[in-house]
Amino acid sequence: MQNKKIEALNTWGADTASAIKRMLGDEEFYLSLIDVFITNNDWDDFVHLMSEKKYKDAFVVSHRMKGSCADLSLTPLYYALCDVTDDLRNEIRPSLMYNYERAVKIRDSLLEALK
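Remember, predicted model here, so these are calculated numbers, not experimental data.

**Student:** Quick question: what am I supposed to make of the environment of Asp42 here?
**Tutor:** Within the secondary structure, Asp42 is located in helix α4 (residues 42–51). The spatial distance from the C-alpha of Asp42 to the C-alpha of Leu77 is 14 Å, given a sequence separation of 35 residues. The contact partners of Asp42, leaving out residues within four places of it in the chain, are Val61, Arg64 and Met65.

Below you can see the structure in the form of structure tokens.
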């Protein structure tokens, strides 16, 4: 089961080898952190804040998720959240909604890969 998740994550675009190395080779621990990342409330909070145009608060959540993606080597989502976080930093950039929608699609593809 775990190897299938690792394989699915790699196919999706994650760099599980580097992440697991950072976790001292503990694949089970890595997968437990993936589960926590997927099931915590950050994404739902982020989507809600974006829909309410509470961009300063959305920035904080986006920045936190970006860091988690970096730690977990969820590379496609990491890069998407880098763009969104930069769009939300200081003044809102015109590319925000495009990058936000792209991040949503990438996260959805991650969830699909882990099914």
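**Student:** When you look at the packing of helix α3 (residues 27–39) against helix α5 (residues 55–72) in this model, what are you seeing that I'm missing?
**Tutor:** Packed helices, taken two at a time, are described by their axes: the angle between them and the distance between them. Where α3 meets α5, the axes come as close as 11 Å, and the angle between the chain directions of the two elements is 160°. Considering the angle they form, α3 stands roughly antiparallel to α5. Relative to α5, the crossing made by α3 is left-handed. In contact with Tyr30, Leu33, Ile34 and Phe37 of α3, α5 contributes Met65, Ser68, Cys69 and Leu72. Grouping the constituent residues of the contact of α3 with α5 by class yields seven nonpolar, one polar and no charged.

**Student:** I'm lost on unusual backbone geometry in this one. Help?
**Tutor:** Negative phi characterises most residues that are not glycine, and trans characterises most peptide bonds. The backbone phi angle of Leu24 is positive, close to 55°, even though this residue is not glycine. Considering the arrangement of structural elements, one finds Leu24 in the loop between α2 (16–22) and α3. In the Ramachandran plot, Ser73 falls in the positive-phi region, its phi being about 55° despite a non-glycine side chain. Inspection of the secondary structure assignment puts Ser73 in the loop between α5 and α6 (75–88). The exposure class assigned to Ser73 is buried, which follows from its relative accessible area of 8%.

**Student:** Explanation requested: empty space enclosed by the protein in the structure shown.
**Tutor:** Regions of empty space are outlined by a rolling probe, equal in size to a water molecule, passed over the atoms. If you walk through the whole model with that rule in mind, you get one cavity of 30 Å³ or more. By volume, the largest cavity amounts to about 30 Å³. For the largest cavity, the full set of lining residues is Phe37, Asn40, Asp42, Trp43, Met65 and Arg107. In terms of residue class, the lining of the largest cavity is made up of three nonpolar, one polar and two charged.

**Student:** Even after reading the chapter, I still don't get the nonpolar core, so can you show me in this structure?
**Tutor:** The tendency in soluble globular proteins is for nonpolar side chains to be buried side by side. Within the largest apolar cluster, 34 residues are counted, with the highest numbers of intra-cluster contacts made by Leu9, Tyr30, Phe46, Leu74 and Leu77. Counting residues per element, the ones that place at least two in this core are α1 (2–12), α2, α3, α4, α5, α6 and α7 (96–113). Ranked by residue count, the leading element in this core is α5, at six residues. If near-sequence neighbours (up to four positions away) are discounted, Tyr30 is found in contact with Ile6, Leu9, Ala14, Thr16, Ala19, Ile20, Met23, Leu72 and Leu74.

**Student:** Help me understand the packing of aromatic side chains in this model?
**Tutor:** The geometry of an aromatic ring pair is captured by two quantities: the separation of the ring centres and the angle between the planes. The final tally for this structure, using the stated rule, is three aromatic pairs. Where Phe46 meets Tyr100, the ring centres are 5.6 Å apart and the plane angle is 65°; that geometry is what we call edge-to-face. Note that Phe46 is positioned in helix α4 and Tyr100 in helix α7, a separation of 54 residues in sequence. Phe46 sits in the buried class, given a relative accessible area of 0%. Note on Tyr100: relative accessible area 11%, which makes it buried. Through successive ring pairs, a cluster of aromatic residues spans Trp43, Phe46 and Tyr100.

About the thresholds
- Residues numbered from 1 in each chain as written.
- Predicted model: local features only at pLDDT ≥ 70, side-chain atom pairs only at ≥ 80, totals over all residues.
- Heavy atoms only, no water.
- Helix = DSSP H or I, 4+ residues; strand = E, 2+ residues; numbered from the N terminus.
- Contact = heavy atoms within 4.5 Å.
- Axes fitted to C-alpha atoms, helices over the stretch in contact; angles between N-to-C directions.
- Parallel < 35°, antiparallel > 145°, perpendicular 65-115°, else oblique.
- Left-handed = near helix turned anticlockwise from the far one by under 90°.
- Nonpolar A, V, L, I, M, F, W, Y, C, P; charged D, E, K, R; others polar.
- Buried < 20%, exposed > 50% of the residue type's maximum accessible area, 1.4 Å probe, protein only.
- 1 Å grid on protein atoms, 1.4 Å probe; cavity = no way out; pocket = protein on both sides within 12 Å on 5 of 7 lines; lining within 4 Å.
- Points joined across faces, edges and corners; volume = space filled by probe spheres on them.
- Core = buried A, V, L, I, M, F, W, Y, C linked by side-chain atoms within 4.5 Å.
- Phe/Tyr/Trp six-rings, centres within 6.5 Å; stacked < 30°, edge-to-face > 60°.

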